[in-house]
Amino acid sequence: MKTWLASLLICLILIPSHAQERQYFRLKKKSKKRHVVITPDLNGSIIMLRISGYFDKAKQISYLDTLSGYQISVPDYLEMWDSDKYNMLNALFPEIEGIRNAVSITSYRKDAFDGFQGFKNYIIEDSTYGLGVKPPWSGGQSFLEIERKNYKTMEGFVVDQVFRGGVYRAFYYLIETPKAYLWANFVATPETYELNIDRFYQFISRLKFIEGQN
């Protein structure tokens, strides 16, 4: 059961998206195939094209989000997967004894918050957040413990939380791009957290800001 709980958790805790009327494209790897996901509008329709062969010799896969002003290269060990959330990247780490840690990067419009601090307060820095609190963006989990803690150059929070009777440990890293606010979220079990936190750091270190028109 724990094989899928971490990935389910990371999907359910997503903040409701703030609509941006733009077309976007996403790419994910699965069983030596590539899935291209095209969403031309926000009416809930998703077109998924399963393509084989075309990307087999690709040396690098990148995720490009021109709306939010960032791109990030995706290492081979991450398995990308899609939800119905247009403003997020999801990926799973390799299985460790039946458990798969998960990572997401979710983007939010700047005009939805009162500055970057307002965004940080909404996600994790609100003074009322603590033991037993379910934040307004919660998908069913509640906080156990929140610790402001850096990992190398990442200034973030280690968050212990309860979801469907299970305890999970996460690292929240909040980023401001020229166009949007990002929540990079690593979710693991307490036993597997240390095994992948450095991989999460290495992945986030690949993130680059981009400029240009929407």
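One can find the structure itself at the top, above this paragraph.
Procedures and definitions
- Residues numbered from 1 in each chain as written.
- Predicted model: local features only at pLDDT ≥ 70, side-chain atom pairs only at ≥ 80, totals over all residues.
- Heavy atoms only, no water.
- Helix = DSSP H or I, 4+ residues; strand = E, 2+ residues; numbered from the N terminus.
- Buried < 20%, exposed > 50% of the residue type's maximum accessible area, 1.4 Å probe, protein only.
- Contact = heavy atoms within 4.5 Å.
- Pairing = 2+ DSSP bridges.
- Expected span 1.5 Å × (residues − 1).
- Arc of directions from axis to C-beta.
- Axes fitted to C-alpha atoms, helices over the stretch in contact; angles between N-to-C directions.
- Phe/Tyr/Trp six-rings, centres within 6.5 Å; stacked < 30°, edge-to-face > 60°.
- Patch = residues over 30% accessible without salt bridge, like charges linked within 9 Å, V, L, I, M, F, W, Y side chains within 5 Å.
- Areas by Shrake-Rupley, 256 points an atom, 1.4 Å probe, with all protein chains shown as cover.
- Salt bridge = Lys/Arg side-chain N within 4 Å of Asp/Glu carboxyl O.

Caption draft 1: Expanded view of the overall build of the protein. Scanning the protein from N- to C-terminus turns up 3 helices and 13 strands. A buried classification covers 48% of the 214 residues belonging to the protein. Once local pairs closer than 6 in sequence are excluded, the contacts in the protein between residues at least 24 apart make up 51%.

Caption draft 2: Just the sheet that holds strand β13 (residues 208-209), in detail. The 3 strands are arranged β4-β5-β13 in an open sheet whose pairing can be described as antiparallel. Single-partner strands in this sheet number two, and they are β4 (61-65) and β13.

Caption draft 3: Spotlight on helix α3 (residues 193-204). A rise of 1.5 Å per residue sets the reference length of α3, with its 12 residues, at 16 Å; its end C-alpha atoms lie 16 Å apart and thus fit the reference within 8%. When α3 is considered as a whole, its buried residues turn out to be Y193, N196, I197, F200, Y201, F203 and I204. Taken down its axis, α3 places every buried residue within 160° of arc, on the same side.

Caption draft 4: How the structure looks around the sheet that holds strand β12 (residues 180-188). Read across the open sheet, the 7 strands follow the order β6-β7-β8-β12-β11-β10-β9; overall the sheet is antiparallel. Strand pairing shows two members of the sheet lacking a second neighbour, β6 (79-81) and β9 (142-151), which therefore form its edges. For this sheet, the mean inter-axis angle between neighbouring strands, taken without regard to orientation, is 25°. Contacts from helix α2 (residues 115-125) reach β8 (102-109), β9, β10 (154-163), β11 (166-176) and β12, with the element oriented near 175° to β11.

Caption draft 5: Representation of the packing of aromatic side chains in the model. Applying the stated criterion across every chain, the model contains 20 aromatic pairs. With a centroid separation of 6.2 Å and an interplanar angle of 25°, the aromatic rings of Y63 and Y70 are classed as stacked. Note on Y70: relative accessible area 1%, which makes it buried. Relative to F113, the ring of Y108 has its centre 6.5 Å away and its plane inclined at 90°; by these criteria the two rings are edge-to-face.

Caption draft 6: Broad picture of a nonpolar patch on the surface. A cluster of nonpolar side chains, L131, L144 and V167, forms an exposed patch at the surface whose accessible area comes to about 270 Å². Inspection of the secondary structure puts L144 in strand β9. Exposure remark for L144: the relative accessible area of 34% places this residue in the partly exposed category.

Caption draft 7: Structural view of unusual backbone geometry. Look at K152: it is not a glycine, yet its phi comes out positive at around 55°. Relative to the assigned elements, K152 resides in the loop between β9 and β10. The backbone phi angle of R164 is positive, close to 50°, even though this residue is not glycine.

Caption draft 8: Layout of the environment of L78. With respect to the helices and strands, L78 occurs in the loop between β5 (70-74) and β6. Taking relative accessible area as the criterion, L78 reaches 3% and is therefore assigned buried. As for L78 and P94, which are separated by 16 residues in sequence, their C-alpha atoms are 7.0 Å apart. With sequence-adjacent residues up to four places away left out, L78 is seen in contact with A91, L92, F93, V103 and F203.

Caption draft 9: View of the pattern of salt bridges. In the structure shown here, the tally under the stated rule is 6 salt bridges. Here K110 and E176 are joined by a salt bridge, their closest N and O atoms 3.0 Å apart. Placement of K110 in the loop between β8 and α2 and of E176 in strand β11 is noted, with a sequence separation of 66 residues between them. The partly exposed category is assigned to K110, whose relative accessible area is 25%. Put simply, R169 and D160 hold a salt bridge, and the shortest N to O gap is 2.7 Å. Look at D160 and you get buried, because its relative accessible area is 13%.

By themselves these figures say nothing about function.
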